[in-house]
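Residue strings, one per chain:
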Amino acid sequence: APGIPVKERVKVSQNWRHGHCRRETVLKWKCKQVAPLSSAFLMPWMELDGEYLYLSQAENIQAYRLCPDGAGLQRHPQTIFSGHQEDVCRFVLVNSHIVSGGGDGNIVLHKIHGSYSIKFSAHEQEVNCVDFQGGLIVSGSRDRTAKVWSLAAGRVGQCLHTVQTEDRVWSIAISPLLSSFVTGTACCGHTSPLRIWDLESGQLLTCLGTDFHHGAGVLDVFYETPSLLLSCGYDTYIRYWDIRTSTRKCVQEWEEPHDSALYCIRSDKNHMIASGSSYYGVVRLWDKRQTRCLQSFHLSSPTSSPVYCLRFSTTHLYAALASALHVLDFTA
């Protein structure tokens, strides 16, 4: 937490631990009435970069400037990135580039500071998830494939590998070593929802875990280090994998206490984990050193909504629900 005085740092730390925060709904939008996860549509996603919050709404990604005093964000977008014909499913922000996958089966790449953009047809059905590292894009789709794409000069948009996953791909992430990528699938057509693939050859390297129940799909994955990986999904568990120790069994797991599916997960790469549940906008904070939930926040009532995406900084946590963006301010 550079730039934050030690006294303020201690105060903020205690606020996180004890759940003391100021809650605010900073953005609202109209929500079409569809069952959660009935399609890839209407599931807002977001990224933070320190000065801006990027939020997908329908077929666009909008950039909102964060207020310098930390009190929320400006209500009108400063920039709008477009290019999809249907809703944006997910996107990533890497090295001043936005890479998004949409319900139209396309992948779009935008350079944030400039008019440069690329669009190419990627999958036969919606692109549920994407990641972008080291000049390569990986994508996962409802069409039961994961693909590796080149962004090298002269090969932009060229498909390097197509992986047959036998299942809808809900989540995907490239390892920090840029040697492999992990897919989280629906666990309906294949018994292993978490699989790691070689990035250069597209070959299967390993499966994580055993004895998953049918339908225990993995909705979000997050690499902390090249060997430490977090996953969550329909079976209500957060799992912490250490690939150096075992690929058959996770090193830690935490169960959502109300038996709700977990849509999203993030960590500070230290002790804290934040998760978003499928009902009533429940955000939970977890301490890896404890077995029980540290704090929980209910952000939507009486109308129930999943937490589709969450991100946090040192002092704020942002949660995107079906029709609103909520912020928790831990400096209060």
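Being a predicted model, the structure only gives us computed values, none of them experimental.

**Topic: the UniProt feature "repeat: WD" (unreviewed entry) in the protein chain**
Logical step 1: When the UniProt feature table is mapped onto this chain, "repeat: WD" (unreviewed entry) is found at residues 120–151.
Logical step 2: For residues 120–151, the helix share is 0%, the strand share is 66%, and the end-to-end C-alpha distance is 11 Å.

**A short note on the environment of alanine 319**
Logical step 1: Note that alanine 319 resides in strand β27 (residues 316–320).
Logical step 2: Distance in space between the C-alpha atoms of alanine 319 and tryptophan 45 is 9.4 Å, their sequence separation being 274 residues.
Logical step 3: Ignoring sequence-local partners within four residues, the contact set of alanine 319 consists of Met46, Val283, Leu299, Val307, Cys309, Leu310, Ala324, Leu325 and His326.

**Considerations on the pattern of salt bridges**
A side chain with one charge can pair with a side chain of the opposite charge if their charged atoms come near.
Logical step 1: Taken as a whole and assessed by the stated rule, the structure comprises 13 salt bridges.
Logical step 2: For the salt bridge of glutamate 24 with arginine 22, the shortest nitrogen-to-oxygen distance reads 3.3 Å.
Logical step 3: The exposure class assigned to arginine 22 is partly exposed, which follows from its relative accessible area of 35%.
Logical step 4: Of the charged contacts in the structure, one is a salt bridge between arginine 289 and aspartate 287, with a shortest N-O distance of 2.8 Å.
Logical step 5: Here the residues in one salt-bridge network are Arg22, Glu24, Arg75 and Asp329, joined through shared partners.

Definitions and limits used
Residues numbered from 1 in each chain as written. Predicted model: local features only at pLDDT ≥ 70, side-chain atom pairs only at ≥ 80, totals over all residues. Heavy atoms only, no water. UniProt positions renumbered as here; feature names shortened; annotations may be inferred. Helix = DSSP H or I, 4+ residues; strand = E, 2+ residues; numbered from the N terminus. Contact = heavy atoms within 4.5 Å. Salt bridge = Lys/Arg side-chain N within 4 Å of Asp/Glu carboxyl O. Buried < 20%, exposed > 50% of the residue type's maximum accessible area, 1.4 Å probe, protein only.

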